[in-house]
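Chains, contacts and geometry: an overview
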Amino acid sequence: AYQKAYGHYNFDKNELVTSNAVYDMASVTKTCATTLAIMKLYDEGKIDLKKKLGDYLPITKGTNKEKISIENLLLHQAGLKAYIPFYKETIDAGGLPLHDLYRPAFSDSFPVPVADKLFLRNDWRDTIFKRILQSPLNNSEKYVYSDIDFIFLGKIVESITGFSLDDYVRKYFYTP
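Anyway, here's the lowdown on the structure attached to this text. (Residues numbered from 1 in each chain as written. Predicted model: local features only at pLDDT ≥ 70, side-chain atom pairs only at ≥ 80, totals over all residues. Heavy atoms only, no water.)

1. Some remarks on the pattern of salt bridges
- Summed over the entire model, instances satisfying the criterion amount to 6 salt bridges.
- Among the ionic pairs, Arg121 bridges to Asp123, the shortest N-O distance being 2.5 Å.
- The network of salt bridges with shared partners includes Lys40, Glu44 and Lys46. (Salt bridge = Lys/Arg side-chain N within 4 Å of Asp/Glu carboxyl O.)

2. Focus on a nonpolar patch on the surface
- Taken together, the side chains of Leu36, Met39, Tyr172 and Phe173 define a hydrophobic patch exposed on the protein surface, amounting to about 350 Å² of accessible area.
- When contributions to the nonpolar patch are tallied by element, the ones reaching two or more residues are helix H1 (26-43) and helix H6 (165-173).
- Relative to the elements of secondary structure, Met39 occurs in helix H1. (Patch = residues over 30% accessible without salt bridge, like charges linked within 9 Å, V, L, I, M, F, W, Y side chains within 5 Å. Areas by Shrake-Rupley, 256 points an atom, 1.4 Å probe, with all protein chains shown as cover. Helix = DSSP H or I, 4+ residues; strand = E, 2+ residues; numbered from the N terminus.)

3. Describing helix H4 (residues 124-134)
- What H4 keeps buried is the set Trp124, Thr127, Phe129, Ile132 and Leu133.
- Residues of H4 that are buried sit in contact with strand S3 (118-120) and helix H5 (148-161). (Buried < 20%, exposed > 50% of the residue type's maximum accessible area, 1.4 Å probe, protein only. Contact = heavy atoms within 4.5 Å.)

4. Quick look at the side chain of Lys65
- Looking at where Lys65 falls in the secondary structure, it is placed in the loop between helix H2 (53-56) and helix H3 (70-74).
- Buried charged residue Lys65 carries no salt bridge. Nearest counter-charge: Asp149, at 11 Å.
- Side-chain polar atoms of Lys65 contact the backbone oxygen of Leu133, separated by 3.3 Å.
- Setting aside residues up to four positions removed in sequence, Lys65 forms contacts with Leu53, Thr60, Leu80, Ile132, Leu133, Gln134, Ser135, Leu137 and Phe152. (Lys, Arg positive; Asp, Glu negative; His and termini not counted. Polar contact = N/O pair within 3.5 Å; in protein donor to acceptor, adjacent residues only side chain to side chain.)

As structure tokens, then:
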């Protein structure tokens, strides 16, 4: 095996990447989990790409997200924000994690890994989704790369199948 790190952590090039670097896997998850799950549900006739979020996620009814089409979510043309800085509500004025939201070790109440030895409180996921539902929309015809599109698609998979996205992918796409 060969293990070597290349590049820098930022564009300023003031810190070299190490072999211990942890990267966000969101983009890989989109193609290897969410997109495959949506494709399978489409093939099975369980999802219609022309339907709207409100057709699959009742929680979006009455919000500005209700009429977003599934097709536009997949195309990153749903008008969603490119980025919502959720973390800003979880740190103090000095930039340190708030103790009531983070713990240094995994537990049932703090299961969400954020960084090495840093786990987010489980119920904060609901707060994040609430912020997504409250966020404004942009021009829905314009391509804007956003993870938020795929957060909604994952929730649709969960709504249709009754499985978490992870469990659905394990059941239908993973063979040990």
